[in-house]
Each structure stands twice: as structure tokens, then as C-alpha cells.
Amino acid sequence: MSSQSNVLPVAPSSTSSLMPLLISGQCVFFFRPLDTSSTQAVTIGFRSNDQKNNLEFVFTDKCVACTLNGELKCTSEQSALVNYTNVYYWISVDSQNQRLVAGMGEARIATNFFLYEFPSSPVTERARIKNVLESLCYATFDTKSVSGLRVLRDPIMKHDTPMLVKDKNELTIEDEAKSIYVPVANLSPMCQKMFQCVAGKKFILNTPDFPQFSKAIEHSIATPGCWCYEKLKKKRAEFNPDKPNINETYLRITVGENDGESPGIPYVMEIWPPNHYSPVHNHAGANAIIRVLSGAIDVELYPFLSGNDNVSPFGTKTFVQDDITWISPTLNQVHKLINTHKETCITIQCYLYGEEDHGHYDFFDFINANKTIDQYEPDSDMEFLAFKKTMQEEWSKYVDPKPHSNTTRCLPWVCS
């Protein structure tokens, strides 16, 4: 960032709109330029009720400039506006920490392209700046160039948002200090509800009545004629009919019925063989909890959903058995799952819309092989109890292919 002696020209505005902040002096404000191909500057402002205090951001294809009461505070050294499809931007105002941040896509520190912190001294100036920022209570924008999407109450922090979830009985003081876990209590009510459903010690794959469940799934995946092997073969054109790809497949084993509160059936056991992956996709703004029941999975995180090749993942996380992660309507939504490990990964995925969400969407959007956004309607490959029975039958035939025989046939990892 660098300081400048003059202010960038403000984009002309004929129709101004106000959006109130939930708490004065702090927010994350999301907006979308109406014409992503234009190089015209976009101006977003924040003002006090009496209009005496004004914070203004000017976004161009060259940089971002920020002024407070007409005084230029900071200019970014990289472009802001980009010619991408489906792109959206955000601004975080934090009066308590006196920090201003802006970025593109999901609002988190990893996706920022502008960060300015007011000087910590002198104390009197810091107090004055705090009072000015705390007086800001409206976001302003020109409706001819920008659509205001939403306002969140809390600004983003400098530490990255943790993806692993821990219950209160597992959290330590060190965990809180290092910010590497999200306490269950900090999740949305819907995520808390789903967490309580799948986080228990008995919510496991290999139960006493079928301790070889995961091995039976591995066998079914690897054996021609078995259910998993044949089902994966049939699904190879599921996402891209013109470009079938057996590795771009996974199995969806549903638990329960679709009660109309999620995109598809809310509880799904997903099976990811080695080297299999999903397309880049989102989850329709739903809340989600995901627990790894067996194996490990890698997750690439994307700022937003776009077929543009220049949109790269901003992070990759690996989750192993018993790890629990989460999705909110605004965070961790857009991603790609990849099993780069030697064993099949099995997860339980749980989805619910928030109580405030009255427009349910029955699809996941994804990027197809032609680099365009397509729709996928979550379906069921088999219901869980029927699947478990199928695996038990296949496993029984595999370990004891001849009735009344005293010998069994098994793979090395079964006998070891």
C-alpha cells in the first residue's frame, strides 16, 4: 500500500442507495458490479447519520483508493475490478481494531487485495479515528453501477477462519489463543444442530454388527461386478455427458428422506475412491457439517464460482478420520474435493438452509468441462440401510465364496 497526494476521481452517481449497518462502525458489505466488463470506477461509501463523517472506497481496474472525510488514507498497488463472470466484492470496516479490508469472493483475510490499519499513535489521534469510524451507520452505493448484496454484522479478523470444529469438552485455552478451531457455539444454529447429530462417539462406520464395513466398500469399489464398481462406471458422465471421466465421480448414500429443508436429502454418506474428485461447486447457500468417517480428503477452497481459468484456489485443507468441518452461507461454500490418498475416503455430509432462508434452491452449481456454470440436482445412489445390506452380502460372498468351506479368500490388508 502507498499514500498519495490526491484523490482518485469518484465515479459519477445519479441514483444513491443506503443500506443500514447492523452495528455502527463495523460490518462486511458485499456488492457486485453490474457490468463486469466495464473499466468504469465503482464507489462504495459509508457515512454517519448526520453525514459529517464519510469513508469512501473507489475501485478501478488499476487499484483501490480509500479516503476518510476527504483525506486519502491508502491506495492499493494492485487492480481490483476484474472481468470475471459471477464475481462479487466485499469491504470490511472494523472500528475496534481500526482496520479496513477489501477483497473479492468469500470475505476472509485470505481473499483480500486491500488492507489498511490506522497508526497506533498518538493516542489522541487513535481515539479520534475510533469515534469517526464508530459513527458510520450506512453503506452507500450507486444503483446504476452496483447491486448491494448484503451486510454482515462482524468484520473479518486478520487470522484465517478455522475450518475444524471442536466441542466445548475438547477445546483448550491454547486452541482459542491459536484460532485453529471453531467452537461449536460459534457456528450458526443450523450447523450446531447438525453437529449434534453426527459428532457422537457412536456415529461411526464400522459398527459391532459389521466391523468390516469400510473394507467391504473398498472391495466393492475394486471388484468388477460389485455394486460400487459398476455404479461408479455408470456415473462417469454425470457431470459432463460429452466428456465422461471415471475419476470425476463419487457415491452418494442417503440417510433418511428429503424434508424440504436442504438442497437434496439433508444427510448423505459420500464415498470418494483414491484419485476421484468433484468439480468445483458450491452448496446453494446452505449451512453444512461434514465429518470424515474413514480415510482422508483434500479440499481446495475458491473465492467464488466462476469458469474463468484465472480464478485459482486460495487454500487447500486436508481432513482425516473424525475431523469435522463446516460451511455457512458465506464461508467455505465454493470448493473442490479430491482424494489424493491411498485409501477410499468416506464422509457424512449434512445440509440445512437457515430459518431466514425462504427461497430454497434444489441444486448445487458447478463448473463443467466447458468452463461454464451448470446445475446438479443432488440425488441418491442408494439408501443407507439398503447399501449396508448390499455390502454385507458382497463381503460374505467374498470372504466365503463356497458354502460350508473351511477356507476363506481374502486380500492382504484383510488378513494382516
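Our subject is the structure listed above.
Note on numbering: residues in each chain are counted from 1, in written sequence order. The predicted origin of the model limits local features to residues at a pLDDT of at least 70 and limits the giving and counting of side-chain atom pairs to 80 or more, whereas totals for whole chains, interfaces and linings rest on all residues. Excluding hydrogens and water, the side-chain values take into account all heavy atoms of the structure.

Undergrad: Hey, could you run me through the overall build of the protein in this one?
TA: The secondary structure content of the protein amounts to 7 helices and 24 strands. In what follows, a contact means two residues having at least one pair of non-hydrogen atoms within 4.5 Å. Taking contacts inside the protein between residues at least 6 apart in sequence as the whole, the part at least 24 apart equals 68%. Note on areas: Shrake-Rupley, 1.4 Å probe, and residue coverage restricted to the protein chains presented here. Carbon and sulfur atoms form 50% of the exposed surface of the protein, whose accessible area is close to 20100 Å². Only DSSP runs of H or I reaching four residues or more are called helices, and only runs of E reaching two or more are called strands; each is numbered from the N terminus.

Undergrad: I would appreciate a short explanation of the environment of G307 in the present structure.
TA: Residue placement: G307 occurs in the loop between β17 (296–301) and β18 (315–320). In sequence terms G307 and T85 are 222 residues apart; their C-alpha atoms lie 7.4 Å from each other.

Undergrad: Teacher, can you tell me more about the packing of aromatic side chains here?
TA: Pairs of aromatic rings are described using the distance from one ring centre to the other and the angle between the two planes. Centres within 6.5 Å are what make two rings of Phe, Tyr or Trp a pair, Trp counting through its six-membered ring; a difference in plane orientation under 30 degrees is then read as stacked, over 60 as edge-to-face, and the rest as tilted. By the definition in use, this model includes 25 aromatic pairs. Taken together, a centroid distance of 5.7 Å and an interplanar angle of 35° make the contact between F29 and F141 tilted. With F29 in strand β2 (residues 26–33) and F141 in strand β10 (residues 136–142), the pair connects residues that are 112 residues apart, well separated along the chain. A relative accessible area of 0% places F29 in the buried class. Through successive ring pairs, a cluster of aromatic residues spans F29, F31, F46, F57, F59, Y89, F113, F114 and F141. Two limits define a charge over a ring: the Lys NZ or Arg CZ must be within 6 Å of the ring centre, and within 35 degrees of the ring normal. Its guanidinium or amino end placed over the ring of Y181, K166 lies 4.2 Å from that ring's centre, counting from NZ or CZ. In this structure, K235 is placed above the aromatic ring of Y250, and the distance from its NZ or CZ to the ring centre is 5.4 Å. Relative accessibility under 20% of the residue-type maximum defines a buried residue, over 50% an exposed one, and the middle range a partly exposed one, all with a 1.4 Å probe and only protein chains included.

Undergrad: Help me understand the sheet that holds strand β20 (residues 335–338), please; the structure alone is not making it clear to me.
TA: Adjacent strands of a sheet form backbone hydrogen bonds with each other and so pair up, either parallel or antiparallel. In short, DSSP must find at least two bridges between two strands for them to pair. One open sheet holds the 3 strands; their spatial order is β18-β17-β20, and the pairing between them is antiparallel. The open sheet has two edge strands with one neighbour each: β18 and β20. Neighbour-to-neighbour, the strand axes of the sheet open up by a mean angle of 25°, direction not taken into account. Only C-alpha atoms enter the line fits that serve as axes; for helices the fit covers just the stretch in contact. Angles between N-to-C directions range over 0 to 180 degrees.

Undergrad: What's the story with the side chain of R99 in this structure? I'm lost.
TA: Relative to the helices and strands, R99 resides in strand β8 (residues 99–104). For R99, the contacting residues outside a window of four places in its chain are S92, V93, D94, Y116, E117, I156, M157 and K158.

Undergrad: What's the story with the nonpolar core in this structure? I'm lost.
TA: Here is a general trend for soluble globular proteins: nonpolar side chains tend to be buried in one another's company. Here, nonpolar core means buried Ala, Val, Leu, Ile, Met, Phe, Trp, Tyr and Cys residues that are tied together by side-chain atoms lying within 4.5 Å of each other. Core analysis: the biggest nonpolar cluster contains 53 residues, and F29, I44, F46, F57, F59 and F114 have the highest contact counts within it. The greatest single-element share of this core, amounting to 5 residues, is contributed by β2. Formed by 37 residues, the second largest nonpolar core is a distinct cluster that contains L205, I217, I348 and M391.

Undergrad: I tried to follow the pattern of salt bridges on my own but got confused; where do I start?
TA: Opposite charge on two side chains makes pairing possible when the charged atoms of those side chains draw close. Throughout this description, the term salt bridge denotes a Lys or Arg side-chain nitrogen within 4 Å of a carboxyl oxygen of Asp or Glu. Counting across every chain of the model gives 19 salt bridges. In this structure, the salt-bridge partner of D94 is R99, at a minimum N-O distance of 3.8 Å. Its relative accessible area of 2% is what places D94 among the buried residues. A salt bridge links K233 to E230; the nearest nitrogen and oxygen atoms lie 3.5 Å apart. Placement of the pair is K233 and E230 together in helix α5 (residues 227–234), with a separation of 3 residues, close to one helical turn. With a relative accessible area of 26%, E230 lands in the partly exposed category. Taken together, the salt bridges that share partners define one network made up of D94, R99, E117 and K158.

Undergrad: Explain the environment of T85 to me, please; I cannot follow it from the model alone.
TA: With respect to the helices and strands, the residue T85 is situated in the loop between β6 (71–75) and β7 (89–94). Setting aside anything within four residues of it in sequence, one finds T85 in contact with F304, L305, S306 and G307. Here the side chain of T85 touches S306 through a polar contact of 3.2 Å, side chain to side chain. Counted as a polar contact is a pair of N or O atoms within 3.5 Å, where, for protein atoms, one must be capable of donating a hydrogen and the other of accepting one, and residues adjacent in sequence contribute only when both atoms are in side chains.

Undergrad: How should I be thinking about the sheet that holds strand β9 (residues 112–117) in this particular structure?
TA: Overall, antiparallel pairing links the 5 strands, which are arranged β9-β8-β7-β2-β11 in an open sheet. The open sheet has two edge strands, β9 and β11 (146–152), and neither has a second partner. Adjacent strand axes in the sheet meet at a mean angle of 15° when their direction is disregarded. One ladder, built from 5 bridges, connects β8 with β9; its direction is antiparallel. Bridge pairing links A102 to F114 in β9.

Undergrad: How should the state of the cysteines be read in this particular structure?
TA: Disulfides are covalent bonds that link the sulfur atoms of two cysteine residues. In plain terms, two cysteine sulfur atoms within 2.5 Å form what is called a disulfide here. Overall, the coordinates contain 0 disulfides when judged by the stated rule. C228 supplies the cysteine sulfur nearest to C226, a cysteine that is in no disulfide, at a spacing of 8.0 Å.

Undergrad: Explain the side chain of R252 here, please?
TA: Looking at the secondary structure, you find R252 in strand β14 (residues 251–255). Take R252: its relative accessible area is 1%, and that puts it in the buried class. A polar side-chain atom of R252 sits 2.8 Å from the main-chain carbonyl oxygen of D379. Those residues within four positions of R252 in sequence are excluded, and the remaining contacts are K235, V268, M269, E270, F364, Y376, P378, D379, S380, D381 and M382.

Undergrad: Teacher, can you tell me more about unusual backbone geometry here?
TA: Only a minority of non-glycine residues have a phi that is not negative, and only a minority of peptide bonds are not trans. With an omega of 0°, the peptide bond running from S121 to P122 counts as cis. Relative to the helices and strands, P122 is located in the loop between β9 and α1 (123–134). Positive phi, normally seen in glycine, also occurs at S179, with a value near 55°. Along the chain, the position of S179 falls in the loop between α2 (173–178) and β13 (181–183).

Undergrad: Just checking my understanding: could you explain α1 for this structure?
TA: Since one α-helical turn is 3.6 residues long, residues separated by three or four positions face the same way. In this scheme, a helix's expected span is set at 1.5 Å multiplied by one less than its residue total. For α1, with 12 residues, the first-to-last C-alpha span of 16 Å sits near the 16 Å given by 1.5 Å per residue. Listed in full, the buried residues belonging to α1 are I129, V132 and L133. For α1, the arc enclosing every buried residue in end-on projection is 95°, short of the 170-degree limit, so these residues lie on one face. The exposed set on the far side of α1, more than 90 degrees from its buried face, consists of V123, T124 and N131. Residues of α1 that are buried in the fold lie against β5 (64–68), β7 and β10. Our arc is simply the arc of the directions from the helix axis toward the C-beta atoms.

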